[in-house]
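# Observations on the model geometry
What follows is the residue order along each chain.
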There are 2 protein chains.
Amino acid sequence: MKAATSQNAVAGQSLADRLYETLRAEIVEGRIAAGSKISEPELARRFEASRGSLREALMRLEALGLLERRVNVGARVVDLSERGLLELYDVREALEGMACRLAATQRTDADLAELRRMLEHHEQQEELRAGTAYFQPEGDFDFHFRIVQASGNDLLIDTLCNRLYYRVRMYRYQLGMASPRAQRAFREHSHIIEAIEAGDGDLAELLMRRHIRASRQNIENKLR
Amino acid sequence: MKAATSQNAVAGQSLADRLYETLRAEIVEGRIAAGSKISEPELARRFEASRGSLREALMRLEALGLLERRVNVGARVVDLSERGLLELYDVREALEGMACRLAATQRTDADLAELRRMLEHHEQQEELRAGTAYFQPEGDFDFHFRIVQASGNDLLIDTLCNRLYYRVRMYRYQLGMASPRAQRAFREHSHIIEAIEAGDGDLAELLMRRHIRASRQNIENKLR
DNA sequence: TGGCGCAAGATTGTCGACAATCTGGATGTG
DNA sequence: CACATCCAGATTGTCGACAATCTTGCGCCA
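Conventions used here
Residues numbered from 1 in each chain as written. Chains lettered and ligands numbered in written order. Predicted model: local features only at pLDDT ≥ 70, side-chain atom pairs only at ≥ 80, totals over all residues. Heavy atoms only, no water. Helix = DSSP H or I, 4+ residues; strand = E, 2+ residues; numbered from the N terminus. Buried < 20%, exposed > 50% of the residue type's maximum accessible area, 1.4 Å probe, protein only. Contact = heavy atoms within 4.5 Å. Areas by Shrake-Rupley, 256 points an atom, 1.4 Å probe, with all protein chains shown as cover. Near = heavy atom within 4 Å. Polar contact = N/O pair within 3.5 Å; in protein donor to acceptor, adjacent residues only side chain to side chain. Nonpolar A, V, L, I, M, F, W, Y, C, P; charged D, E, K, R; others polar. Pairing = 2+ DSSP bridges. Axes fitted to C-alpha atoms, helices over the stretch in contact; angles between N-to-C directions. Domains from an automatic or database assignment. Buried area = accessible area lost by both parts, 1.4 Å probe. Phe/Tyr/Trp six-rings, centres within 6.5 Å; stacked < 30°, edge-to-face > 60°. Lys NZ or Arg CZ within 6 Å of the ring centre and 35° of its normal. Least-squares fit on C-alpha atoms with pLDDT ≥ 70 in both. Salt bridge = Lys/Arg side-chain N within 4 Å of Asp/Glu carboxyl O. Core = buried A, V, L, I, M, F, W, Y, C linked by side-chain atoms within 4.5 Å. Parallel < 35°, antiparallel > 145°, perpendicular 65-115°, else oblique. Left-handed = near helix turned anticlockwise from the far one by under 90°.

## Let's talk about the overall build of chain A
For chain A, the count of helices and strands is nine helices and three strands. Taken from the N to the C terminus, the helices and strands of chain A come in the order α-β-α-α-β-β-α-α-α-α-α-α. Classification of the 224 residues of chain A by burial places 50% in the buried group. For chain A, restricting intrachain contacts to residue pairs at least 6 apart in sequence, the fraction spanning at least 24 positions comes to 76%. As displayed, chain A has an accessible area near 11,200 Å², and 47% of this comes from carbon and sulfur atoms.

## Things to note about the protein's contact with DNA strand C
Taken together, 19 residues surround DNA strand C, and among them Leu 15, Ser 50 and Ser 53 of chain A together with Arg 51 and Arg 55 of chain B come closest. At the protein interface, 74% of the atoms of DNA strand C within 4 Å belong to sugar or phosphate. Take Leu 15 of chain A: an N or O atom from its main chain is 2.4 Å from a phosphate oxygen of DNA strand C. Breaking the surface near DNA strand C down by element, the ones donating at least two residues are helix H1 (15-28) and helix H3 (51-64) of chain A together with strand S1 (37-38), helix H2 (40-47) and helix H3 (51-64) of chain B. A per-class count over the surface near DNA strand C returns seven nonpolar, six polar and six charged.

## Focus on the pairing of strand S3 (residues 74-77) of chain B
The two faces of the sheet receive side chains in turn, since in a regular strand these alternate between them. Residue and element names in this part refer to chain B. Burial of S3 is one-sided: the residues Ala 75 and Val 77 facing one way are buried, the residues Gly 74 and Arg 76 facing the other way are not. Inspection of the sheet shows strand S2 (residues 67-70) paired to S3 by four bridges, in the antiparallel sense. Looking across to S3, one finds that Leu 67 is bridged to Val 77. Hairpin connection, S2 to S3: the antiparallel pair is bridged by three residues, and Asn 72 has positive phi, about 65°.

## Concerning the sheet that holds S2 of chain B
Residues and elements named next belong to chain B. An order of S1-S3-S2 is seen for the three strands of this open sheet, with the pairing classed as antiparallel. The open sheet terminates on both sides in strands that have one partner only, identified here as S1 and S2. Packed onto the sheet, H3 meets S1 and S2 and runs at close to 115° relative to S2.

## Quick notes on the domain arrangement of chain A
Residue and element names in this part refer to chain A. One can read the domain layout of chain A as domain 1 (2-77) and domain 2 (82-223). Counting from both sides, the interface comprises 11 residues of domain 1 and, opposite them, eight residues of domain 2. Taking both sides of the interface into account, the surface hidden between domain 1 and domain 2 amounts to around 910 Å²; carbon and sulfur atoms contribute 57%. The tally of links from domain 1 across to domain 2 stands at five residue pairs in polar contact (both at pLDDT 80 or more). When residues of the side of domain 1 that touches domain 2 are traced back to their parent elements, those giving at least two are H1 and H3. Among the elements that line the side of domain 1 that touches domain 2, the one with the most residues is H1, at three residues. Of the residues assigned to the side of domain 1 that touches domain 2, the class counts are seven nonpolar, two polar and two charged.

## Focus on the packing of aromatic side chains
For any pair of aromatic rings, geometry is given as the distance between the ring centres together with the angle between the planes. Residue and element names in this part refer to chain A. The full count for this structure, using the stated rule, is four aromatic pairs over all chains. An angle of 85° between the planes, with centres 5.0 Å apart, marks the rings of Tyr 165 and Tyr 166 as edge-to-face. Residue classification places Tyr 165 among the buried positions, given a relative accessible area of 14%. Through pairs of rings, three or more aromatic residues link up here, namely Phe 145, Tyr 165 and Tyr 166. Here the guanidinium or amino end of Arg 60 rests over the ring plane of Tyr 20, the centre of that ring lying 5.6 Å away.

## Details of the relation of the copies chain B and chain A
Of the transformation placing chain B onto chain A, the axial shift is 0.0 Å and the rotation is 180°, giving an RMSD of 0.0 Å. This pairing of chains is accounted for by a two-fold axis. Residue Ala 94 of chain B, judged by its C-alpha, is the member of chain B lying nearest the rotation axis, at 2.6 Å. A shared binding surface is used by both copies, with 100% of the interface residues of chain B retained as interface residues in chain A.

## Focus: the pattern of salt bridges
Evaluated as defined, the whole model comprises 48 salt bridges over all chains. Across the pair Arg 83 of chain A and Asp 154 of chain B runs a salt bridge, and its minimum N-O distance is 3.6 Å. A residue pair is termed interchain when its members come from two chains, as with Arg 83 of chain A in helix H4 (residues 82-106) and Asp 154 of chain B in helix H7 (residues 154-175). Its relative accessible area of 49% is what places Arg 83 of chain A among the partly exposed residues.

## Quick notes on the interface of chain B and chain A
With 31 residues of chain B at the contact, the number on the chain A side is 31 residues. Summed over the shared surface of chain B and chain A, the result is eight salt bridges. At the junction of chain B and chain A, the tally comes to 11 residue pairs in polar contact (both at pLDDT 80 or more). By residue number, the principal contributor to the side of chain B that touches chain A is helix H4 (residues 82-106) of chain B, which donates 11 residues. In the side of chain B that touches chain A, the residues fall into 12 nonpolar, five polar and 14 charged.

## Some thoughts on the side chain of His 211 of chain B
Residues and elements named next belong to chain B. Along the chain, the position of His 211 falls in helix H9 (residues 201-223). Residue His 211 is classed as buried on the basis of its relative accessible area, which comes to 2%. Only 2.4 Å separates the side chain of His 211 from the side chain of Glu 188, close enough to count as a polar contact.

## Side note on the nonpolar core
Core analysis: the biggest nonpolar cluster contains 122 residues, and Leu 95 and Ile 147 of chain A together with Leu 95 and Ile 147 of chain B have the highest contact counts within it. Apart from the residues within four sequence positions on either side, Ile 147 of chain B is in contact with Cys 100, Ala 103, Leu 115, Ile 192, Ile 196 and Met 208 of chain B.

## Describing the packing of H4 of chain B against H7 of chain B
All names here are of chain B. Between H4 and H7, the least distance of the axes is 11 Å, while the angle of their chain directions is 140°. Between H4 and H7, the angle is such that the two are oblique. Two packed elements cross with a definite hand, and for H4 against H7 that hand is left-handed. Residues Gly 84, Leu 85, Leu 88, Val 91, Arg 92, Leu 95, Glu 96, Met 98, Ala 99 and Leu 102 of H4 touch H7, and the partners they reach there are Leu 156, Thr 159, Leu 160, Leu 164, Arg 167, Val 168, Tyr 171, Arg 172 and Leu 175.

This is the structure:
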């Protein structure tokens, strides 16, 4: 093993990789404001990297849909909008519905056991927090995340977990969309697992789509 | 207006943009073989560009899902597989189904007129080619393409028309999946348009999903 | 003879500099 | 006073070179 040449070197990761991950987190969490302009020289100085490596990171962020770049003008962080959030829900409804359908027939026993374990964990947390509790967003999302991975469709997994995932988190962080539908969401998750366990793809898809549509409706009501 | 500095300069396009588009076409059409390794120095010499600009094009191709890159190893064109093709159909079924549902309520009159025009055009072509005809792939895809754009959901449009589009075309070119379901596909398209015109989102989605699933089934039968 | 280690060549990652282009403010004119 | 023009500064796009890493083929040893 060689010693790391830079301070934060990780095996199998390039400098551009680390810049990409760091910037991604800063954009998702709003430390770099939505809609703000990105200055390549400024960021390069801040991270003590060359503009080339930084540009590689920026291009990956553009591919993720977190940045928009225009030739000879530069990059801007995407704007968050009510419309964009609702669009995200429609795409999730379609893709996670399909993921759920596939998971009903493609899941392994390990997938199912893991889903049950997560559900139990959520139930305990809910009991602790009693009535004031809201479904912690990360836990909810992990649940969805896990179902997608049980679908066995690599393209679907990549699209949801690598492409849309960070956009969802960005909206949650910055528009604070923690859905306060604790018991209801818990029951819906529970029914979805049952359908998956029964191998009923039609029902599993239907339930997941309803679940996501209910979230969307909940947001829509809040917004007006 | 300034004179172009390079031979093929286009306004509002960078060199990396052009390399990206050229390479994308070569990969989609199989001129650069699926699964083959990409040599940065070789391609840079071939296009008389620097490695930097070429690398930018390669990174965009990676974001498109046409290349896979590993750190310190290089880039390879993705492999085409039966499994990958079927995965693509499942994702399309979910997304185009949703696009169809949205188009039923979001379409403009211009969208509808354009869809009808395309359908008529297809009908004429089919009459000309009589029985031996097969539904020309590009025409079929343009139809799907147009419906997606009528959905009004920018995220959905981008995902299907910028991300998955080229992967679909790559499979069509290289595995030659021209579906020989001419009359049937034509009738299905016709019914889809009617559902969209009637504003019946449920039906429009159902019909589109059946349509795509039938294509998938057709491919699946052929493969065994 | 088969397998391991090592060195040479080639490839990828990173960097700093130069050229082309855009942005914003000052200036002049109707 | 409004508007078009132009210039200066800054930013982005492109390039060639150097350093780090991987691959390949050879030699050596059990």
